[in-house]
Structure formats: structure tokens, C-alpha cells
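# Coordinate analysis (summary)
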Amino acid sequence: MGKSVMVAYALWAIGGPLGLHHLYLGRDSHALLWILTLGGFGFGWVREFTRIPAYIGEANRDADSERKRPSVVVPPPVSPVRFAGQVCVGIYFGTVALIGLNSLNFFYLIVLPLCVGAGVHLVSTVGQQSSDLKKTLTTCLVTSSIFYGSSLSPLPISLAASVTAAQHRRFKPPRTQQRTEELGPRLYKLGLAWLAFSAPLGYCIFHNTTATLYYLSDCVSALLDIFWFLPWLRGALEYVLLMPYRILCALTGGGYYEEAWRKVLEILLKEYTEEEKEALHVLSLEAEATLAEITQSYRELVKTWHPDHNPSNDAEATFLKIQEAYEVLLRHHKPRHQFK
């Protein structure tokens with residue numbers, strides 16, 4: 001059965017940043033790329049408004065002729081857009097690895113270049129094209145040894161891998177009806193790929209809860225602000241971001257309340273670091289102390305330990321310690337992100 005232009009455009013409008021229209025058209029690599037990058041960081045999704053008819057044409061060709069190639073093997077034409085996407089997604093994958101996996105052994109030698117190479121190769125396999133995965137990963141491993149230890153290494157690694165992928169670009173083999181998978185196995189594979197990508201971020205969240213939540217809350221806020229001109233899309237993204245909590249409620253039989261989710265985040269964001277716990281000890285406070293109680297304790301201790309009023313030898317050192325502790329706790333209570 002042929003694919004419908006109207007259905008493709010409807011899926012593009014409803015769930016384009018999540019790759020629903022690509023899943024409908026059988027472009028699973030493109031769908032995965034859109035899921036992991038939210039529609040190519042938004043730009044690719046908008047660009048596809050004029051590309052969907054061409055995608056429909058490719059999907060509706062007969063199995064015998066849809067991927068017919070000349071007898072002489074000719075590589076696909078070079079695409080600047082594809083090359084730019086390879087570089088950007090390679091850097092993106094590398095950045096995710098830097099956030100979530102930088103504590104692993106041999107990170108800069110093996111883990112980081114493999115992550116960057118995976119991002120570059122994913123873009124290489126979009127549509128009817130592919131590339132040589134082994135040569136792309138080999139280039140990443142060689143380049144990573146040159147820029148070992150640098151937090152900017154994803155950029156040169158991604159550039160080198162993108163050049164290699166472009167040099168070894170080729171068409172995918174023809175797809176026949178027998179090789180077309182059912183929707184269930186396709187979704188299963190996409191789910192596994194999404195879990196593999198999100199695992200580093202999950203690791204980072206559970207092992208660095210406080211710092212990660214501050215960072216992610218700012219990132220999510222900035223991401224949602226990008227779509228201020230499309231309120232429905234912003235609402236959809238917020239719905240997706242709250243999905244883990246909804247699933248948890250469904251599994252445990254609890255109801256979903258937005259205020260409850262916000263309170264969960266607020267509790268997590270109020271967790272103290274070791275430095276802040278030490279500051280609380282210096283000011284003789286409990287973990288539940290409010291900002292007013294912190295200020296009151298600080299003022300009382302300052303009066304007691306001020307060098308002008310306390311002649312003891314350790315008065316000045318204690319006074320400075322109290323000042324530092326107060327500043328640490330002030331930074332903790334400073335609003336980082338306001339939920340709307």
C-alpha cells in the first residue's frame with residue numbers, strides 16, 4: 001500500500017521532532033536520528049517541510065525499481081548538509097559522553113572516539129546512503145590519540161570521521177518486501193538504541209544528582225525557550241520530559257499531580273554537597289534550616305567571633321570560616337530555575 005502525503009505531513013506536524021513521519025516511511029535511521037536530536041535540533045525538522053514529497057516518492061517506488069543502481073558503482077553525490085550534520089551530531093554524541101561517561105577507564109582513547117564515530121555514522125546511514133563503519137571508527141580512534149585529554153577533542157574527531165565517511169559513502173543495497181521488517185521489531189530496535197544513548201545521562205543523573213539536576217534544569221529551560229513561537233510543540237516536549245514520572249505513577253498505581261513532580265524536583269535540588277554540609281556544621285545548623293535561620297545564625301556567630309570583640313588567637317580564622325560557610329549556603333539557596 002502506497003504512503004500518503006497527507007499522513008506524512010500530519011505525522012511531521014504532530015511528532016516531527018520525534019521522527020514519527022520517518023517511522024511511517026520506513027526510514028528508521030532517520031527516525032532514530034530525530035529521536036536523539038529532537039528533529040536535528042529543530043532545524044532539520046523545519047527543513048523537511050519541503051522534503052517530504054521526495055521521501056514519499058522514494059517510499060512508494062516498487063521494490064524492483066526503487067533502489068535500481070547502474071552496473072558501474074557510482075558513489076552518491078556529496079551533500080554539504082549531510083556533512084554538516086555528521087560533524088554536529090558527532091560533536092553532540094561526544095558531548096553526551098563527556099557528561100556521562102568521562103569517569104570510565106580509557107575514556108579519551110576508546111569510549112569518546114567510539115561515541116563520536118557512532119554519531120557520525122548514524123547521519124551517514126540516513127536515507128538511501130551508507131558508509132564504511134570500520135574506517136570511520138578507525139579514524140576516530142587515531143584522531144583521539146592526537147587530542148588526548150582535551151575537552152574540545154570531539155570537534156577534531158568528528159571532523160576527521162565526517163571526512164572519512166564522505167570519502168567512503170555508498171548506496172545501501174536494494175530493499176525488497178522480504179527484507180522489510182514488521183513495526184514491532186523496528187520499534188524494539190529503536191528503543192534499544194534510545195536506551196543505549198540515554199544510559200550515560202542516566203548514569204550521570206543518579207551518580208551526580210544535585211549538580212546534574214541544576215545543569216539539566218537550565219538546559220531544559222533553554223531548550224523549551226527555543227520553541228516559544230510554537231506553544232503546542234513546547235507543550236509536547238514538556239509532556240515527553242514528564243513521561244518518566246507518569247510511567248512511574250502508572251506502575252505504582254499513584255495518580256499524576258504536577259505539584260507532586262515539582263516537589264520531587266525541589267527536594268532533589270535542595271540536597272546538600274559535602275562542602276555545604278560542612279558549612280551547615282560551621283554555622284551549627286540542621287539540614288532543614290531555612291535561609292532566614294541561616295542568616296540569623298550567621299549574624300550571631302559573627303558578633304561572637306569578630307576579631308574586634310573576641311581576643312582569642314583563633315578568632316580571626318574562625319570568623320573567616322563563618323564568612324565562607326555563609327557564602328556557600330547563600331549560593332545553595334540562590335534560585336537556579338523557576339518552574340512554570
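Conventions we followed
- Residues numbered from 1 in each chain as written.
- Predicted model: local features only at pLDDT ≥ 70, side-chain atom pairs only at ≥ 80, totals over all residues.
- Heavy atoms only, no water.
- Helix = DSSP H or I, 4+ residues; strand = E, 2+ residues; numbered from the N terminus.
- Buried < 20%, exposed > 50% of the residue type's maximum accessible area, 1.4 Å probe, protein only.
- Contact = heavy atoms within 4.5 Å.
- Areas by Shrake-Rupley, 256 points an atom, 1.4 Å probe, with all protein chains shown as cover.
- Patch = residues over 30% accessible without salt bridge, like charges linked within 9 Å, V, L, I, M, F, W, Y side chains within 5 Å.
- Salt bridge = Lys/Arg side-chain N within 4 Å of Asp/Glu carboxyl O.
- pLDDT = per-residue confidence, 0-100.
- Axes fitted to C-alpha atoms, helices over the stretch in contact; angles between N-to-C directions.
- Parallel < 35°, antiparallel > 145°, perpendicular 65-115°, else oblique.
- Left-handed = near helix turned anticlockwise from the far one by under 90°.
- Nonpolar A, V, L, I, M, F, W, Y, C, P; charged D, E, K, R; others polar.
- Core = buried A, V, L, I, M, F, W, Y, C linked by side-chain atoms within 4.5 Å.
- Polar contact = N/O pair within 3.5 Å; in protein donor to acceptor, adjacent residues only side chain to side chain.
- Phe/Tyr/Trp six-rings, centres within 6.5 Å; stacked < 30°, edge-to-face > 60°.
- Arc of directions from axis to C-beta.

Right, let's talk about the overall build of the chain for a bit. A tally of helices and strands in the chain yields 17 helices and two strands. In the chain, which comprises 340 residues, the share counted as buried stands at 36%. Here the analysis covers contacts within the chain between residues at least 6 apart in sequence; of these, 67% occur between residues at least 24 apart. Roughly 20,300 Å² of accessible area belongs to the chain as shown, and the carbon and sulfur atoms make up 64% of that amount.

The next thing to look at is a nonpolar patch on the surface. There is a patch of nonpolar side chains on the surface, built from Phe-106, Leu-109, Ile-110, Leu-114, Leu-141 and Tyr-148 and spanning about 570 Å² of accessible area. Positionally, Leu-109 belongs in helix α7 (residues 107-124). Its relative accessible area of 36% is what places Leu-109 among the partly exposed residues.

Attention now moves to the confidence of the model for the chain. On average, residues of the chain score 79 in pLDDT, and 72% of them are at 70 or above. Of all helices and strands in the chain, the one with the weakest mean pLDDT is helix α14 (residues 258-269) (52), whereas helix α9 (residues 154-167) scores best (93).

Let us look at the packing of helix α16 (residues 291-305) against helix α17 (residues 315-333). Between α16 and α17, the least distance of the axes is 10 Å, while the angle of their chain directions is 170 degrees. What the angle tells us is that α16 and α17 run roughly antiparallel. Crossing handedness for the pair α16 and α17: left-handed. In contact with Leu-291, Ile-294, Thr-295, Tyr-298, Leu-301, Val-302 and Trp-305 of α16, α17 contributes Ala-315, Thr-318, Phe-319, Ile-322, Gln-323, Tyr-326, Leu-329, Leu-330 and His-333. Of the residues contributing to the contact of α16 with α17, the split by class is 12 nonpolar, four polar and no charged.

Right, let's talk about the nonpolar core for a bit. Formed by 22 residues in total, the largest nonpolar core has its most connected members in Leu-33, Leu-36, Phe-93 and Leu-122. Within the residue set of this core, elements represented by two or more residues are α1 (5-15), α3 (28-41), α5 (52-60), α6 (80-100), α7 and α10 (183-207). At five residues, the largest contribution of residues to this core is made by α3. If we ignore the near neighbours within four places in the chain, the residues touching Phe-93 are Leu-36, Cys-115, Ala-118, Gly-119, Leu-122 and Phe-197. Counting residues in hydrophobic clusters, the runner-up holds 16 residues, among them Val-282, Leu-285, Ile-294 and Leu-329.

Moving on, we get to the side chain of Ser-153. Here Ser-153 is to be found in the loop between α8 (133-146) and α9. Residue Ser-153 is classed as buried on the basis of its relative accessible area, which comes to 2%. A polar contact of 2.7 Å, which involves the side chain of Ser-153, links it to the backbone oxygen of Ser-150. Not counting residues up to four positions away in its chain, the partners in contact with Ser-153 are Tyr-108, Leu-112 and Phe-147.

Evaluation of the coordinates by the stated rule reveals 11 aromatic pairs. On the numbers, 6.5 Å between centres and 80 degrees between planes, the contact of Tyr-9 with Trp-12 is edge-to-face. Of this pair, Tyr-9 and Trp-12 both sit in helix α1, three residues apart, which is roughly one turn of the helix. Owing to a relative accessible area of 22%, Tyr-9 belongs among the partly exposed residues under this scheme.

The next point concerns α5. Three or more residues of α5 are buried, namely Ile-52, Tyr-55 and Ile-56. One side of α5 carries all its buried residues, which in axial view fall inside an arc of 100 degrees. The inward-facing, buried residues of α5 abut α1, α2 (20-24) and α3.

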